[in-house]
Amino acid sequence: MSAARYLSLTAADREEMLAAIGVEQVTGLFEQVPRGVRLGRELDLEPALSEQEIVDHLSALAGRNVGTERELSFLGGGIYDHYVPAIVDMVLSRGELLTAYTPYQPEVSQGVLQAIFEYQTVICELTGMDVSNASGYDGTTVAADAAFIARHATGRTKVVLAETLNPQARQVVKTYAPGFGLEVVEVPHDGGVIDPDRLAAASVGAAAVFFQQPNFFGCLEPAPELASAAAEAGALPVAHVDPLSLGLLEAPGNYGAAIAIGEGQGAGNHMSFGGPHYGFLAARADLIRRMPGRIVGETTDVQGRRGYVLTLQTREQHIRREKATSNITTNQTLLALGGLVYLSWLGPQGLRELGETCMGLVQYARHRLGHPLAFPDQATFKEIAIRVGRPARDVIAAARERGVNPGYALGRDYEGMDDVLLVCVTEKRSPGDIDRLAEVLEDVA
Amino acid sequence: MSAARYLSLTAADREEMLAAIGVEQVTGLFEQVPRGVRLGRELDLEPALSEQEIVDHLSALAGRNVGTERELSFLGGGIYDHYVPAIVDMVLSRGELLTAYTPYQPEVSQGVLQAIFEYQTVICELTGMDVSNASGYDGTTVAADAAFIARHATGRTKVVLAETLNPQARQVVKTYAPGFGLEVVEVPHDGGVIDPDRLAAASVGAAAVFFQQPNFFGCLEPAPELASAAAEAGALPVAHVDPLSLGLLEAPGNYGAAIAIGEGQGAGNHMSFGGPHYGFLAARADLIRRMPGRIVGETTDVQGRRGYVLTLQTREQHIRREKATSNITTNQTLLALGGLVYLSWLGPQGLRELGETCMGLVQYARHRLGHPLAFPDQATFKEIAIRVGRPARDVIAAARERGVNPGYALGRDYEGMDDVLLVCVTEKRSPGDIDRLAEVLEDVA
Amino acid sequence: MKLIFEKSRPGRTAFSLPRHDLPAPQMPESLRRERPPRLPELAEPEIVRHFTELSTRNYGVDTGFYPLGSCTMKHNPRVNERVAALQGFRDLHPNQVEEGAQGALELMWRLQEILAEIAGLDAVSLQPAAGSQGELTGLMLMRAYFEDRGETRRKVFIPDTAHGTNPASVTMAGYEVVGVSTDPRGNVDLDELRAKVDEETVGLMLTNPSTLGLFDEGIEEIQRIFHDAGALLYYDGANLNAVCGISRPGDMGFDVVHFNLHKTFSQPHGGGGPGGGPIAVRSNLEPYLPVPTVARDGDRFRWHDARPKSIGRVRAFGGPFGVFVRSYAYLRAYGPQLREMSETAVLNANYLLARLRDDYELPYDRLCMHEFVVSARALKREHGVTALDVAKRLIDHGFHPPTVYFPLVVPEALMIEPTETEAKETLDAFADAMADIAREAVDDPEALKHAPTNAVVGRLDEVKAARRVVVRYGFEEHPDLGGEASEPVTADAPKGV
Amino acid sequence: MKLIFEKSRPGRTAFSLPRHDLPAPQMPESLRRERPPRLPELAEPEIVRHFTELSTRNYGVDTGFYPLGSCTMKHNPRVNERVAALQGFRDLHPNQVEEGAQGALELMWRLQEILAEIAGLDAVSLQPAAGSQGELTGLMLMRAYFEDRGETRRKVFIPDTAHGTNPASVTMAGYEVVGVSTDPRGNVDLDELRAKVDEETVGLMLTNPSTLGLFDEGIEEIQRIFHDAGALLYYDGANLNAVCGISRPGDMGFDVVHFNLHKTFSQPHGGGGPGGGPIAVRSNLEPYLPVPTVARDGDRFRWHDARPKSIGRVRAFGGPFGVFVRSYAYLRAYGPQLREMSETAVLNANYLLARLRDDYELPYDRLCMHEFVVSARALKREHGVTALDVAKRLIDHGFHPPTVYFPLVVPEALMIEPTETEAKETLDAFADAMADIAREAVDDPEALKHAPTNAVVGRLDEVKAARRVVVRYGFEEHPDLGGEASEPVTADAPKGV
Ligand SMILES: Cc1ncc(COP(=O)(O)O)c(C=O)c1O
Ligand SMILES: Cc1ncc(COP(=O)(O)O)c(C=O)c1O
């Protein structure tokens, strides 16, 4: 069986077309491929499947996963089980948006262009910054993007990362840094958060200083003080923020961040085992010409009607090539559009209430769970780190046998934290769910 | 919490609007409702749920069902587990089609109108008839519709139903018959099919004679002879057909049926516990003015461009009122559209191959299952009736404990058939699945 | 655009099927099809484009304002589609044994309970497929009721404002229609009822609020007249969106009610359907309900079909289950606050009425309920501009037209139902457009005759369609199935109900 | 149309959240937000309409022919969307322990295996988020490889036909670009390579077939030149749609390959993304691959991150899993017959080329692979009509324009990639439109300057957009973030790659 279902040529078409071209057989079209590099056999792949077999096979694979619909899960750590409203899926399934590409031809792409313009506005409003791109690959690669901006904006060759910044984001920055000519310095936490003085010391001579709010442990950093410490050292303060915290927590633009970045997933994307999601990156106006990626601007057409176009393209690889601000071209537009729909659904009131719900639940968990907090002095947003008295991995395995995934083992990323469990609660968990977690943890830890 | 999410008025809007109307409060709008009939309390309903709670609650309910995705099922008997390709769902989710209503204003409804015109054509092609409506509620109510047509076309007051016609279709005809002034006569089967002579005898003086091909037992009726028997008696032969059999089996129009009806579900609708689906009804040209329901016709606009409109509306209730050919208005357009998409996906070649696959599988099952056939002399299309030696209900219960739903208990509808199981195979079952069924049936029956 | 058949090429395929190595099936040659049906032959890409393009030539609630009177074209929440697609619902065979369908049966049972509370009645059948089938079912129940009591009655009263399905259902039930007039306030004429209702009377079918959008102020008296004659009252629930949580049909004295789940409870209208037409009845009619309904025994839910006096079955299985899922999800979003839905619908309608009353004639000058009817009679008389012209010009303004030429008692009727989900800005924009059109009728009536000019086609020739009956693609030839010419509908035939 | 902010009204809401009776959360006042963000305030109905309307102002593959060269705008099968939405995939947390993610890990492992076979290489990392990240990752691997061998090399060769991401990636990797010319047959200039490649050479980045749509006939020699110098070959897989099952990059001598899952393997382009940019490498580069990859131990699948020499991580988790689901489903639909996909793509391109060659100049007169480049140079010289004018007029004919002004080596380039999923009728209609436009360029060149005339907006002023930088809604005021005027792109800047 062939996948002719995706091909529109009939046998008659093929003959006519070959005749028009002037070759006898399809193989004649491939004469330009030197014989030495031709494959000369069929690909060694499993047999083709019909549509229904594809669905069966992939359903079987999906059935061997335990998603948050099948166990009571308190997993967080950068990707969050927030509810994605049905209208998000509905909008993203519109073929005109789903199957279009980058809006290079604005007259037939006003839909995507206007949506991006709206997305940029929403991100600027959330973060308190002047300008947003659309979009970075995820919440880790935008950190590398910010480092690249800072490297060129300051001419300096060092970046400082708070140890409480998402470990994967730190790893990505470290992977990219040598190519950018950057040295990476990490600042350890004190009791779950970064000490501004320690950060100030490390910031001297730095191009950028990265911190996260709420941080990877869920704790609220003294973000304004961290930003000041960086700024005083002449470094760009880069805040990595949870978009859904920004109804309650101050916007980075309002406490001096030069760049705000983050993982957009929680705001409108399904978890999908890690992607695709969108990373957002917003900055102060003076950095606009160093920003990577697509930016949409408002303009008018020949009749003076308002319209939108890709703009400031002289930053980009297709114009500037080796002098571009980034190599990015394909990005995460559809996911960012999901973010726009989600944030429009939530609105300012929903954003605040959602934050209150998460904080209220985490506060409840704090009191309800019997285990000591790893960072008892810190307020947290939707996660808490608890000490479970034995390896967190073992506790997770035991709890999962009872249908509860109690959280993330922080020892995967932090030394000396093998007994620490990062427990996350979103609006999809209830006080009753937390009671159940408490019960199970009592049994197994 | 209220469902304000579906309402677009703000508090300020409400005030302005009340002022414009000239009443003080919303309750002022309801003064026309006599006090004696006002409710005066809140409705006694469970509390409102947020969107996410709705999904949780309905997911829990859905999880308490065992659909064909969770057990190996051989259920048939009128509704069939055929594969519904993804493009069907995609098309039916297009908001412009999904959220429109009857195309009374053709200039803004060409999409639905053209689709119905295409649907009518596809149904005519399938059945070999001249004209199709769009659409009846399901495969049972179209039988009542056909009886109504026949009553008025012939002036006669009796309809004959083959006992091998879907039992629910027979029940519906019997429910409607008194109002139509019709008497209902049923003709028993002989060895699983209807004997043409017996039918001929019953047909004398009848308005219509209904038979089903393949019949409810899955058996192939001598349909041409049944149609002739009816026609010779001056009755309208009405064939109830499985649309997916019509790649292999002769079209009713080609053996003299006056009306062809059927349940469309198998062709493009999910089973959905019994609906919504579509019933199709197609007829000879001379019956067109007696047909119930919507019919779309081709015409031109003021500039001569081709377009489509609802036509022959003088048949319908909104024009003819008590003299209408039917009371139907809301119908099954979206499901019929699903049928059109499905049949376009299948095409003539797919239709034939699908039929061959089903017949090939049923032939395999016939040899593979160890139990005696209830109707050993009859060829069948995608179902076979087997005698399991003890009450079929018990066999079903025991097999389901082994993860197999072995079929439908024919004793639910036919006396003396308590030990008969109707086993259905579609292209979603494999020979291996049939082997598994055979194994389980050996164990439990 | 082209028909799908005009895009077809022999040999092109979109389907795929699993292949098993099985011997070719044997079948009687006499039954084998001779010539294959000419189904379209396209690959998947072109099918997707074809239907995508078709959809762009259609106007839905998702496109914009759709004030089609009597049809309750409200927003269709998307979460309903999400839950209806859950595999445990979508892939559930209706012949599944009860043990394997407890969730579905529970959902149906809960919906029955909710509908009974909203109706203020005792028992519910979810089976009818749409409102009109609900009507017919209700009439059959009445007949069973009277037959059971040994009474033979034949007359069903139908007000002149009634929807066409009401009289059509009466005929299909084997009964006779008796017409009743509307009084000058827009209520049913009580004197006429008092004069005509007798022991031959089966009952009354009433839409309340009526298709004029007016609540019948004499409802208590109507009830007395019919019940005193031993007759029954049928409530056409098409306009229930006006009164949920405010006034219940059962409390008004109705004995049978149908719901239109696709109107009041947000099942998308699907370009014409599907719908759902459950009925609720008073306990005296319960024994005759169609089978099966759903019953609860403690924690278990089961089919209930042991009703010896049942009228029988009116459609397959328990009814259009997917519709129930959507409406149940919708009802759970409102809960006890369902009243807000109706209040807002009525507020929107009255506001829009207030905005339009200067430009269009209002035949019954009262506050309205969830919809209202204005007349273009003056425009026609003075400028030759009809309700149809107004409707077509609204298309050019980006709106779906309201229902026109219905109810029949109002000449040049425009029947406008905004629903509760519309924003004030939308109502204002529509009112502005209506005012514009009224002005245009004065300034340039001829231009209105050419509307719409912004649609994918211009005004279509319905007379030609009825005369030259082309109701299927003709492949090579286009056969006219008309035979003798068919009587075309007149231009002022109802459009929209 | 209005921006969503212009439809916003204070107090309108679409969200709903569960409510728990919990005490208000405590938080440090110093961190509390002062002024709420001005997110849009709309109810669900208006949100649905807003985005529905936006979608109708956009052109996708579902709308029609989209021959955007180098982008492989093929049909996106809908079954892929169905399987990507399965709850076991969609609702799976990436931090789930391996035991709870066996199906997802197996899918990734299987995809790795398939991609390795298609590439003819040994090991795969699925992590890169798109082609350009794949490029950068590949260059990082090369650096790790050379560092591990104690070699310091700096020069990466980039042909003049290369996509802009190639040189941009080189810079981001900390390397230097060395340009290479194209010879008159459209191949890489071998003499130039022989002259320049030395022990400082890291390698070559090559798209093969190139962005001219031509397979490099000297590929075997190119390979020898670089490998003899100890350098490595990078294969930009953007054009893999031409050669699947026909010629494998590994067999051509490439050491690293990236795939664009959104091009070759049907992940929908989403208006700009998401994509997937897995890389395959020869075994000598495997030790440096990003972590984690997926490994199989018997029946069990697990993360493999024990790679001490790994370059590290290039994005979060294992990569864009949802993209893997779609591409895996797509690849399973073809199986060993994947070659048919490429053959048909190449057939379609050559047919379209044959139809266009009379009207447009063909800079390299050879058979093409899956795409080709023609030039409007003659039209410009003789009639002042540019490639951009041709592109804009194609919009009026109902087509999406091809890529224009790329590759840079062809003046007034029109880069046309029909893909395998198009019907012959579509290619013919496009060819007819192109011929029409060529005629119009002669007859009425001025008219072409006004194209498009059928779109929702006319030609947009990109210079103004770059000068008066308005990149967010201004609520009351519209702030210009431009500061000093920005250098606008010229009209003949690349559009479409
Ligand atoms: C007043 C009235 N009654 C009855 C009906 C019939 O309902 P349905 O269309 O659901 O059959 C309608 C709707 O069309 C209506 O508006
Ligand atoms: C030739 C070529 N190389 C590289 C890329 C970059 O790939 P991506 O867009 O996936 O980052 C593209 C696509 O835009 C391309 O066409």
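The model shown is predicted, which means the values in this text are computed figures rather than measured ones.

A. Structural detail: the overall build of chain A. The helix and strand inventory of chain A stands at 13 helices and 14 strands. On the principal axes, the C-alpha backbone points of chain A span a range of 80 × 55 × 50 Å. For chain A, the accessible surface area stands at approximately 12100 Å², while carbon and sulfur atoms represent 46% of it. Seen as two clouds, the 37 positive and the 55 negative side-chain charges of chain A have centres 4 Å apart.

B. The arrangement of the site of ligand 1 in detail. By nearness alone, 16 residues border ligand 1, and B:T330, C:S70, C:G131, C:D236 and C:K263 come closest of all. Residues close to ligand 1 are split across chains B and C. Side-chain polar atom of C:D236 to a nitrogen atom of ligand 1: 2.5 Å apart, as the coordinates give it. Contact with the protein chains removes 100% of the 390 Å² of surface that ligand 1 exposes when unbound. At three residues, helix α5 (residues 131–148) of chain C tops the list of elements feeding residues into the shell around ligand 1.

C. Inspection of the state of the cysteines at higher detail. For the structure shown, the criterion picks out zero disulfides over all chains. Free cysteine: C:C244, not disulfide-bonded; nearest cysteine sulfur from C:C368 at 16 Å.

D. Seen up close, the site of ligand 2. Not every one of the 16 residues close to ligand 2 is listed here, only the nearest: A:T330, D:S70, D:G131, D:D236 and D:K263. In this structure, an oxygen atom belonging to ligand 2 sits 2.6 Å away from a main-chain N or O atom of D:G131. Relative to its free-state accessible area of 380 Å², ligand 2 is covered by the protein chains to the extent of 100%. A per-element tally of the shell around ligand 2 places helix α5 (residues 131–148) of chain D first, with three residues.

E. Just the confidence of the model for chain C, in detail. Per-residue confidence for chain C averages 96 on the pLDDT scale, and 98% of its residues sit at or above 70. With a pTM of 0.98, the predicted complex shows an ipTM of 0.98.

F. Fine view of the interface of chain A and chain D. Taken together, the contact between chain A and chain D spans 193 residues of the former and 215 residues of the latter. Here chain A meets chain D over a buried area of about 17600 Å², counting both sides, of which 62% is carbon and sulfur. It is A:Y101, A:E107 and A:F273 in chain A that bury the most area against chain D; as a group they hold 6% of the surface buried on that side. In this structure, A:E46 and D:R110 form a salt bridge, with 2.8 Å as the shortest nitrogen-oxygen distance. Where chain A meets chain D, there are 98 residue pairs in polar contact (both at pLDDT 80 or more).

G. Focus on the relation of the copies chain D and chain C. Its rotation angle being 180 degrees, the transformation that places chain D on chain C also includes 0.0 Å of axial translation and leaves an RMSD of 0.0 Å. In short, the pair behaves as if placed about a two-fold rotation axis. When C-alpha positions in chain D are compared against the rotation axis, the closest is assigned to D:T56, at 3.8 Å. Taken as a fraction of all interface residues of chain D, those also at the interface in chain C reach 100%, which identifies the copy contact as same-surface.

H. How the structure looks around the sheet that holds strand β10 (residues 372–375) of chain D. On the basis of which strands lie adjacent, the open sheet formed by three strands has the order β10-β12-β11 (chain D) and antiparallel pairing. Looking at the sheet topology across the chains shown, the edges are occupied by β10 and β11 (403–404) of chain D.

I. The arrangement of helix α13 (residues 387–396) of chain D in detail. All names here are of chain D. Most of α13 is tucked away: ten of the ten residues are buried. Those residues of α13 that fall on the buried side of the exposure criterion are A387, L388, D389, V390, A391, K392, R393, L394, I395 and D396. In this fold, the buried residues of α13 make contact with α12 (377–383), β11, β12 (413–416), α14 (424–443) and α15 (445–448). Just beyond α13, the residue with positive phi is G398, at close to 90 degrees.

J. Quick look at the sheet that holds strand β7 (residues 279–281) of chain C. Residue and element names in this part refer to chain C. Spatially, β1-β7-β6-β5-β4-β2-β3 is the arrangement adopted by the seven strands of the open sheet, whose pairing is mixed. The sheet terminates laterally at β1 (123–125) and β3 (176–180), the two strands that pair on one side only. Sheet twist, expressed as the mean angle between neighbouring strand axes with direction ignored, is 25 degrees. In terms of strand pairing, β1 meets β7 through three bridges, oriented antiparallel. Within the sheet, the bridge partner assigned to V124 lies in β7 and is A280.

K. Inspection of the environment of A:E316 at higher detail. Residue and element names in this part refer to chain A. By the secondary structure assignment, E316 is in the loop between β10 (306–310) and α10 (317–320). Distance in space between the C-alpha atoms of E316 and R289 is 9.9 Å, their sequence separation being 27 residues. With residues near it in sequence (within four places) discarded, E316 still touches G293, R294, R321 and A324.

L. Structural context of the pattern of salt bridges. Residues and elements named next belong to chain C. Counting across every chain of the model gives 152 salt bridges over all chains. Residues R154 and E200 are paired through a salt bridge, measuring 2.8 Å at the closest nitrogen-oxygen approach. Taken together, the residues span a long stretch of sequence, with R154 in the loop between α5 and β2 (155–159) and E200 in the loop between α7 (190–196) and β4 (201–207) at a distance of 46 residues. One salt bridge in this structure joins D389 and R459, with 2.9 Å as the shortest N-O distance. Highlighted residues: D389 in helix α13 (residues 387–396) and R459 in the loop between α15 (445–448) and α16 (462–467), separated in sequence by 70 residues.

Thresholds applied
Residues numbered from 1 in each chain as written. Chains lettered and ligands numbered in written order. Predicted model: local features only at pLDDT ≥ 70, side-chain atom pairs only at ≥ 80, totals over all residues. Heavy atoms only, no water. Helix = DSSP H or I, 4+ residues; strand = E, 2+ residues; numbered from the N terminus. Areas by Shrake-Rupley, 256 points an atom, 1.4 Å probe, with all protein chains shown as cover. Lys, Arg positive; Asp, Glu negative; His and termini not counted. Charge placed at Lys NZ, Arg CZ, Asp CG, Glu CD. Near = heavy atom within 4 Å. Polar contact = N/O pair within 3.5 Å; in protein donor to acceptor, adjacent residues only side chain to side chain. Disulfide = S-S within 2.5 Å. pLDDT = per-residue confidence, 0-100. Contact = heavy atoms within 4.5 Å. Buried area = accessible area lost by both parts, 1.4 Å probe. Salt bridge = Lys/Arg side-chain N within 4 Å of Asp/Glu carboxyl O. Least-squares fit on C-alpha atoms with pLDDT ≥ 70 in both. Pairing = 2+ DSSP bridges. Buried < 20%, exposed > 50% of the residue type's maximum accessible area, 1.4 Å probe, protein only. Axes fitted to C-alpha atoms, helices over the stretch in contact; angles between N-to-C directions.

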